[in-house]
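Here is how the chains run, residue by residue.
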Amino acid sequence: QVQLVESGGGLVQAGGSLRLSCAASGRTSSTYYMGWFRQAPGKEREFVTAISWSGMVLYADSVKGRFTASTNYAKNTVYLQMNSLKPEDTAVYYCAAPDGRDTLSTRGNDYSYWGQGTQVTVSS
């Protein structure tokens, strides 16, 4: 089992920045990469980014150039730096990890472990 704990959400004005963190614990040796997803009220969960511990990254088109994922392997932690935030970025952000899969994926079904989520609210 892998446990994931997100932190860093909050309320910010449009154009502002936030940094999310996700700390992994437990059987992290089988976790080759981590992902971030988000879900806005009344909408389906959507992919934001996936990053491997070696630094390979995928981004959703909607966040390219504004969001940056990074890792700290020693701390088993991934980060999501979110700049130039827009009201449409408002959502609950979830950290997720696969179980043994080593190819970055944008599909939520490819992730076995999920954090509790952290709320990000961007006011206009």
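Here, the structure is the one placed above.
### Things to note about the environment of Ala60
Piece 1. Mapped onto the secondary structure, Ala60 falls in the loop between strand 6 (57–59) and strand 7 (67–72).
Piece 2. Taking C-alpha positions, Ala60 is 15 Å from Thr90, a pair spaced 30 residues apart along the chain.
Piece 3. Excluding residues within four positions of it along the chain, Ala60 makes contact with Phe47 and Val48.

### A short note on the packing of aromatic side chains
Piece 1. What the rule picks out here adds up to six aromatic pairs.
Piece 2. For the pair Phe37 and Phe47, a centre-to-centre distance of 5.7 Å together with 75 degrees between the ring planes defines the contact as edge-to-face. Remark: Phe47 occurs in strand 5 (residues 46–52) and Phe37 occurs in strand 4 (residues 33–39); sequence separation between them is ten residues. Per residue, the accessibility class of Phe37 equals that of Phe47, and both read buried.
Piece 3. Summarising the aromatic geometry, the rings of Phe37 and Tyr111 are spaced 5.0 Å apart at their centres and angled 80 degrees between planes, so their arrangement reads as edge-to-face. Taken together, the positions of Phe37 in strand 4 and Tyr111 in the loop between strand 9 (91–97) and strand 10 (113–114) put the pair 74 residues apart, joining distant regions of the chain. Neither residue differs from the other here; Phe37 and Tyr111 are each classed as buried.

### Some thoughts on the nonpolar core
Piece 1. Judged by nonpolar contacts, the single largest core of 35 residues is most densely connected at Leu4, Met34, Met82 and Tyr93.
Piece 2. Elements that contribute at least two residues to this core include exactly strand 1 (2–7), strand 3 (18–26), strand 4, strand 5, strand 7, strand 8 (77–82), strand 9 and strand 11 (118–123).
Piece 3. Top element by residues in this core is strand 9. It accounts for five residues.
Piece 4. Leave out the neighbours within four places in its chain, and Tyr93 touches Glu6, Leu20, Phe37, Arg38, Val48, Phe67, Leu80, Met82, Gly117, Thr118 and Val120.

### What about the sheet that holds strand 7?
Piece 1. In space, the four strands of this open sheet follow the order 1-3-8-7, with antiparallel pairing throughout. The open sheet has two edge strands with one neighbour each: strand 1 and strand 7. Across the sheet, the mean angle from the axis of one strand to that of its neighbour is 20 degrees, orientation sign disregarded.
Piece 2. Bridge analysis of strand 7 against strand 8 gives six bridges, and the strand direction is antiparallel. If you follow Ala69 over to strand 8, its bridge partner there is Leu80.

### Let's talk about the state of the cysteines
Piece 1. Evaluation of the coordinates by the stated rule reveals one disulfide.
Piece 2. Note that Cys22 is cross-linked by a disulfide to Cys95, the S-S spacing being 2.0 Å. Between Cys22 and Cys95 the disulfide shows an S-S torsion of about -75 degrees. By sign, it is left-handed. Remark: Cys95 occurs in strand 9 and Cys22 occurs in strand 3; sequence separation between them is 73 residues. A single burial state applies to Cys22 and to Cys95, both of which are buried.

About the thresholds
- Residues numbered from 1 in each chain as written.
- Predicted model: local features only at pLDDT ≥ 70, side-chain atom pairs only at ≥ 80, totals over all residues.
- Heavy atoms only, no water.
- Helix = DSSP H or I, 4+ residues; strand = E, 2+ residues; numbered from the N terminus.
- Contact = heavy atoms within 4.5 Å.
- Phe/Tyr/Trp six-rings, centres within 6.5 Å; stacked < 30°, edge-to-face > 60°.
- Buried < 20%, exposed > 50% of the residue type's maximum accessible area, 1.4 Å probe, protein only.
- Core = buried A, V, L, I, M, F, W, Y, C linked by side-chain atoms within 4.5 Å.
- Pairing = 2+ DSSP bridges.
- Axes fitted to C-alpha atoms, helices over the stretch in contact; angles between N-to-C directions.
- Disulfide = S-S within 2.5 Å.

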